[in-house]
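Analysis of the macromolecular model
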Amino acid sequence: MEPDQIVRTFVEHYRRRDHRYAPESSLVRPPDDPVLFTTSGMHPLTPYLAGRPHPSGRRLVNVQRCLRTTDLDEVGDRTHLTVFDMLGSWSLGDYDIAESLNWGYELLRDGFGVGPGRLHATVFGGDDQVGPDETAWRTWTALGVPVELNREENWWSNGPTGPCGPDSEIFVWTGEGPPTGTPGTDGRWLEVWNHVRMRYHRHDDGRLTPLPQPGIDTGMGLERLEMVLRGGRSVFEGEGLASWVDDVGGLWPLDGTPLRRVCDHLRSAVVVIGDGVRPSNTGRGYVLRRLVRRALTELWRDDPARSLSALPDEPYADTVRRFRQHSDVDVLRRTIADEEHRFRGLLRRGRPVVDRLRSRGPLTGEDYRWLHDTHGLPRDLVDGPLAERG
Ligand code: SER
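Residues numbered from 1 in each chain as written. Predicted model: local features only at pLDDT ≥ 70, side-chain atom pairs only at ≥ 80, totals over all residues. Heavy atoms only, no water.

**Side note on the overall build of the protein chain**
We count it as follows: Going along the chain from the N terminus, every DSSP run of H or I of four or more residues is numbered as a helix, and every run of E of two or more is numbered as a strand. Atoms counted for the radius of gyration: C-alpha only. Globule rule: 2.2 Å times the number of residues to the power 0.38. The rule is simple: take the accessible area with a 1.4 Å probe, protein chains only, and divide by the maximum for that residue type; under 20% is buried, over 50% is exposed, in between is partly exposed.
On a plain count of helices and strands, the protein chain comes out with 12 helices and nine strands. The C-alpha atoms of the protein chain give 23 Å as radius of gyration, which agrees with the globular expectation for 390 residues (21 Å, within 12%). The dimensions of the protein chain, computed from C-alpha atoms along their principal axes, are 70 × 45 × 40 Å. Looking at the protein chain as a whole, 53% of its 390 residues qualify as buried.

Following this line, the structure appears as structure tokens:
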């Protein structure tokens, strides 16, 4: 199934169950939000989950572009992306977890053809503040889906304070042959969907109080679902990454983690620029700067002459379309080219500094810190393009 068809199937499933489409938000959060980027589908809906009436009613569905910098160091493996699309459904004080899980199960089985034998669920097993989620456990058991109980892993919050609650995660078996073990014991169980019972508000002092209106918040990563449906081994085999992988991999002899990093970071940078961010030394601009510079660091490790301007328009245009943005490809390319130019200048100025330090002996941890903090030279660059020559 193509991503567009996956989105249509998802939205249609919930529309038939009286959900209305909630407009997608920008990745850029308004100034009163302490968080820089939209990290999940529920994030823009926080006030409504906390009790404010939503203009579209009590049942919502949408697809929302998200950015997670917490996953930045994991990017390069098979399943993590910095920017991705999240398919979401919500009950704002309407139905509870049993309906949510049953509808989710029906969609996976009938809409997406994921056989029940490939599913495993995890459920909140209780802690000293909140009891186990017996309803979720009973619902999965009635459906014949095996359940694993956890504590912290099955408690969802969007930050240290705010709405939170026990969640139930759905895993799909991605290994060869019949499933073995549980999500906790076998990494071939891949988490695809999370159903959160938004029931509590966490206060500054750690106290939990019940929300005025308990709700449900679900989120499923589009690229992961596509991977599972195509029986792929990595999200980088999916349609949304294909043009990056083909063009980057066709131009330069990269593979494995370096190729995946370059593709993820460039694609993410395109979406971030599309939402109006420009590279800078603080906040969102710094995240964007890091994305572009990390991609260049991977590229320049073997050959500092490589330039992103060699890439064709195609991956840029494809990403703009897939993320429902309207960016001008020339503006995207120019923004990235300017950042490449600045980074090249930084390296040129950094080389004599690094060479001078090296002439005194092997670099120490303190040297690396100084190079990073004072000259903006990350360690992988100092050890890569700025490595000792000869
Ligand atoms: N908020 C939950 C998550 O991001 C489900 O949407 O996983």
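So, next bit.
**Some details on the nonpolar core**
Threshold: Among buried residues, those of type Ala, Val, Leu, Ile, Met, Phe, Trp, Tyr and Cys that are joined through side-chain atoms within 4.5 Å constitute a nonpolar core. Two residues qualify as a contact provided that any one of their heavy atoms is within 4.5 Å of a heavy atom in the partner residue.
Among the nonpolar cores identified, the biggest contains 89 residues, and F10, L87, F112, W193, V248 and L377 are the most heavily contacted of them. Apart from the residues lying within four places of it in its own chain, the contact partners of F10 are V61, N62, L87, G88, S89, L107, F112, W193 and M220. Counting residues in each nonpolar core, the second largest holds 12 residues, with A22, L45, Y48 and W156 among its members.

**As for the state of the cysteines**
We apply this condition: Pairs of cysteine sulfur atoms within 2.5 Å are what we label disulfides.
Counting across every chain of the model gives zero disulfides. Among the cysteines around C164, which has no disulfide bond, C66 carries the closest sulfur, lying 19 Å off.

**Some remarks on the site of the ligand**
Let me state the cut-off plainly: The criterion for a residue being near a molecule or strand is simple. One of its heavy atoms has to lie within 4 Å of it. Any pair of nitrogen or oxygen atoms within 3.5 Å is treated as a polar contact; in protein, a donor-acceptor pairing is required on top of that, and neighbouring residues in sequence qualify only through side-chain atoms on both sides. For every accessible area listed, the method is Shrake-Rupley and the probe measures 1.4 Å; residues are considered covered only by the protein chains on display. Note on residue categories: nonpolar means Ala, Val, Leu, Ile, Met, Phe, Trp, Tyr, Cys or Pro, charged means Asp, Glu, Lys or Arg, and polar means any other residue, Gly included.
Taken together, S40, M42, R68, M86, W156, N194, V196, D217, T218 and G219 make up the full set of residues near the ligand. R68 places a side-chain nitrogen or oxygen 2.9 Å from an oxygen atom of the ligand. Contact distances for the ligand include 3.0 Å between an oxygen atom and a side-chain N or O atom of N194. For the ligand, the accessible surface in isolation is 230 Å², of which the surrounding protein chains cover 95%. Taken together, the elements giving at least two residues each to the shell around the ligand come down to β8 (189-202) and β9 (208-221). Here the shell around the ligand gets three residues from one element, more than from any other, and that element is β9. When its residues are assigned to classes, the shell around the ligand shows four nonpolar, four polar and two charged.

**Description of unusual backbone geometry**
The phi dihedral of D18 falls on the positive side, at around 65 degrees, and the residue is not glycine. By the element assignment, D18 lies in the loop between α1 (3-15) and β1 (20-21). One non-glycine residue, R324, lies in positive phi territory at about 60 degrees.

**As for the side chain of R17**
Topologically, R17 is positioned in the loop between α1 and β1. In terms of polar contacts, R17 uses its side chain to reach the backbone carbonyl oxygen of H13, at 2.7 Å.

**Describing the pattern of salt bridges**
Defined as follows: Just to be clear on terms, a salt bridge is a Lys or Arg side-chain nitrogen sitting within 4 Å of an Asp or Glu carboxyl oxygen.
One pass over the structure, following the stated rule, counts 28 salt bridges. A salt bridge links R197 to D96, with the nearest nitrogen and oxygen atoms 2.7 Å apart. Here D96 lies in the loop between β3 (83-91) and α3 (97-111) and R197 lies in strand β8, a separation of 101 residues in the sequence. On the basis of relative accessible area, R197 is assigned to the buried category, the value being 9%. Overall, the relative accessible area of 28% leaves D96 in the partly exposed class. Ionic pairing is found between R109 and D110, a salt bridge with its closest N-O pair at 2.7 Å. In this structure R109 comes out as partly exposed when scored by relative accessible area, which is 36%. When salt bridges with common partners are traced through the structure, they connect E24, R65, D85, D275 and R324 into a single cluster.

**Some details on the packing of aromatic side chains**
Spelled out, the test is: Here is the rule: rings of Phe, Tyr and Trp (six-membered ring for Trp) pair when centre to centre is within 6.5 Å. Planes less than 30 degrees apart are stacked, more than 60 are edge-to-face, and the remainder are tilted. Only Lys NZ and Arg CZ are tested; either one counts as a charge over a ring when it is within 6 Å of the ring centre and within 35 degrees of the ring normal.
Counted by the stated rule, this structure contains eight aromatic pairs. Relative to W103, the ring of Y95 has its centre 4.7 Å away and its plane inclined at 70 degrees; by these criteria the two rings are edge-to-face. Like Y95, the residue W103 is buried in the burial classification. Members of the aromatic cluster, connected to one another through ring pairs, are F10, Y14 and W193. We note R379 situated over the ring of Y368; from NZ or CZ to the ring centre the distance is 3.7 Å.

**A look at the pairing of strand β7 (residues 162-173)**
So the rule is basically this: By this definition, two strands are paired if DSSP reports at least two bridges between them.
Burial within β7 is extensive, with 12 of its 12 residues counted as buried. Sheet analysis places strand β6 (residues 155-157) next to β7, joined by three bridges and oriented antiparallel. Following the sheet pairing, W156 is matched in β7 by G165. The turn linking β6 back onto β7 is made up of four residues.

**Regarding the side chain of E340**
Relative to the helices and strands, E340 is located in helix α10 (residues 329-358). Residue class for E340 comes out buried when judged on its relative accessible area of 6%. A polar side-chain atom of E340 sits 2.8 Å from a polar atom in the side chain of S307. The contacts of E340, once residues within four sequence positions are left out, are L296, W300, R306, S307, L308 and S309.

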